[in-house]
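# Report on the structure
Listed below, chain by chain, are the residues.
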Amino acid sequence: MRNKYTLLATSVALLVSSSLFAQGETKEKSWYDKINVSGYVDVFYMYTANNVEGAKRDASGTFNTQNKQFGVAAAALDLQKIADKDSPWGFRTVFQNGQNNVYQEAPYNQTNGTVNMNMLQQAYVSFYFPVLKGMTVDMGKMATHIGYEVLESKDNPTYTIGYIFFNTIPFINTGARANLAVTDRLNLGFYLYNSVGGTGSDISRVNNGNMSVYQDGINKNKAVGTQVSYDLVPDKLKVTWNTLYGVDVTYARPSNGEYWMNEVYGTPINAKRASYQNDYWMINNVILNFTPNDKTLISLDYTQGDKSGAAATLTDPTTQVDVDGTGTTKVSLTRDDSNAKRVYKTYGLWFRYKFTDKWALAGRYERIDDSRNGGPLGVSNNSAGRHDLQYMGSLGYNTTKYYLGSAETFTITPTYYYGDNIIIKVDLRRDQAKGQVFTDEKGQPQTYQNGVTLGIVATF
């Protein structure tokens, strides 16, 4: 009898537990339980052997501009709900503040240009569509798809941002993008942004009632980008090709014919809207990532920028040629025409080797060739405080074949991982150029500068 009661009690217990377990399996996870919360705090100390210090802006440190000072590069809070097959909507918001903010957004040259939108680094809404292996569409403010390096120092092999990322491509764009997984190895991306140059805020417009402080594109033209990413060898060798094409100027460059008619006969030059055919900025970027094992990373990056017409740095000569010998018919024969082009090219190499779970050694080499760019590569208008890539035509290097802006950087970065949440990097960096565009600590011109930056990032 006792065995019968024991068997009955056991059966009832199994039925109840099975029912509860089944209910636990079928209960769907709430949407707010799917939000991933993460972030980081990024602090640094930089010492570059030049004569810029204290409150003076040293753009040779790219984002880290307070030379010989401690600083808070960024503090960020990242909230994200990923759109997937089970829950086809999502969003991402990245709240950030710190000294990096004003240099991450156009026009990249305002030391006191922080406004509310700077502090919202990214914000977009996502949708998932069951196309092939899955397609995600995002709309809002997002980090650019161009370039190897990213905005967060914790995710780059080195700590400081390099000259390539800082000077030749945008950081943040506002628009829409679609990413399609065609197969397990092939992914395609399509991007529609407000501009090529990127999103930002111009604090000088605060008192201008006709202009918005927040800016992203000065006209209705949109920039179009693409991405093709393919795993040549799964988990070991991957190639990515990025493009971005658009018109970031309002008015077209007048043709030579129009310009000469104005010089000779005084014929007015009528303003024309800039066109995709003549006044464009086109960026091609190819990245090759090689990870032969869990310890080794080698990455190559090639970027080419083509600028045409009003988007390019072209020649408008101040001297005229007397074409008929009378002294009355003078024209600017050496002027660049409306569809003249300028080109810049960059080459980058990154590596990282993890000796243990705690120690790694990383490095970076990059070279910028702006010999056919019509001027130096640089995003800062503050020439008095900028020593990297500074164009010094007064020294005589102002031909189309030789610009002092051409630069190289060499960086070695010992890295220590303190537990699971602290990353400590020390950048030993050397910058050099063709001409004496740098200064030493005594203020004497030099072709190079050396520096060290300690960066500590706490992640959560």
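These figures come from a predicted structure and were not determined experimentally. (Residues numbered from 1 in each chain as written. Predicted model: local features only at pLDDT ≥ 70, side-chain atom pairs only at ≥ 80, totals over all residues. Heavy atoms only, no water.)

This part takes up the pairing of strand 19 (residues 422-433). Along strand 19, the buried face is formed by Ile423, Lys425, Asp427, Arg429, Asp431 and Ala433; none of Ile422, Ile424, Val426, Leu428, Arg430 and Gln432, which line the opposite face, is buried. Direction of pairing for strand 18 (residues 407-418) relative to strand 19: antiparallel, over a ladder of ten bridges. When the sheet's bridge partners are listed, Glu408 is paired in strand 19 with Gln432. Linking two consecutive strands that pair antiparallel, namely strand 18 and strand 19, is a turn of three residues; a positive phi of about 70 degrees is found at Gly419 within it. Here strand 19 pairs with strand 22 (residues 448-459) via eleven bridges, running antiparallel. Paired with Gln432 across the strands is Tyr448, a residue of strand 22. (Buried < 20%, exposed > 50% of the residue type's maximum accessible area, 1.4 Å probe, protein only. Helix = DSSP H or I, 4+ residues; strand = E, 2+ residues; numbered from the N terminus. Pairing = 2+ DSSP bridges.)

What follows deals with the pattern of salt bridges. Within the structure shown, the criterion is met by ten salt bridges. Here Glu149 and Arg364 are joined by a salt bridge, their closest N and O atoms 2.8 Å apart. Of this pair, Glu149 sits in the loop between strand 5 (135-143) and helix 3 (163-168) while Arg364 sits in strand 17 (residues 359-372); the two residues are 215 residues apart in sequence, bridging distant segments of the chain. Neither Glu149 nor Arg364 differs from the other in exposure class; each is buried. Two residues, Lys154 and Asp155, come together in a salt bridge whose shortest N-O distance is 3.1 Å. Judged by relative accessible area, Asp155 falls into the partly exposed class, the value being 45%. (Salt bridge = Lys/Arg side-chain N within 4 Å of Asp/Glu carboxyl O.)

Let us look at the nonpolar core. Counting residues in each nonpolar core, the largest one holds 21 residues, and the members touching the most others are Phe63, Phe171, Leu244 and Ile283. Those elements that provide at least two residues to this core are helix 2 (101-104), helix 3, strand 7 (186-193) and strand 12 (281-290). Counting nine residues, the second largest nonpolar core, distinct from the first, contains Met46, Ala73, Val94 and Tyr159. (Core = buried A, V, L, I, M, F, W, Y, C linked by side-chain atoms within 4.5 Å.)

Relative to the helices and strands, Thr48 resides in strand 1 (residues 36-48). When its relative accessible area of 7% is taken as the criterion, Thr48 is described as buried. The residues touching Thr48, leaving out its near neighbours within four places in the chain, are Asp58, Ser60, Asn67, Lys68, Gln449, Asn450 and Gly451. (Contact = heavy atoms within 4.5 Å.)

Attention now moves to empty space enclosed by the protein. Summary: where empty space remains is shown by rolling a probe the size of a single water molecule over the atoms. Taken as a whole, this structure holds five cavities of 30 Å³ or more when the rule is applied. Put simply, the largest cavity is a space of about 110 Å³. Lining the largest cavity are 14 residues; nearest its centre among them are Thr48, Arg429, Asp431, Gly451 and Thr453. Where the lining of the largest cavity is concerned, the elements lending two or more residues are strand 1, strand 19 and strand 22. Of all the elements, strand 22 adds the most residues to the lining of the largest cavity, at five residues. Here the residues of the lining of the largest cavity sort into three nonpolar, eight polar and three charged. (1 Å grid on protein atoms, 1.4 Å probe; cavity = no way out; pocket = protein on both sides within 12 Å on 5 of 7 lines; lining within 4 Å. Points joined across faces, edges and corners; volume = space filled by probe spheres on them. Nonpolar A, V, L, I, M, F, W, Y, C, P; charged D, E, K, R; others polar.)

Taken as a whole, the largest pocket holds about 1200 Å³ of empty space. For the largest pocket, the lining is made up of 50 residues, of which Thr144, His145, Gly147, Val150 and Gln227 are closest to its centre. Grouping the amino acids of the lining of the largest pocket by side-chain chemistry returns 21 nonpolar, 21 polar and eight charged.

Fair warning: the whole summary comes from geometry, so function is off the table for now.
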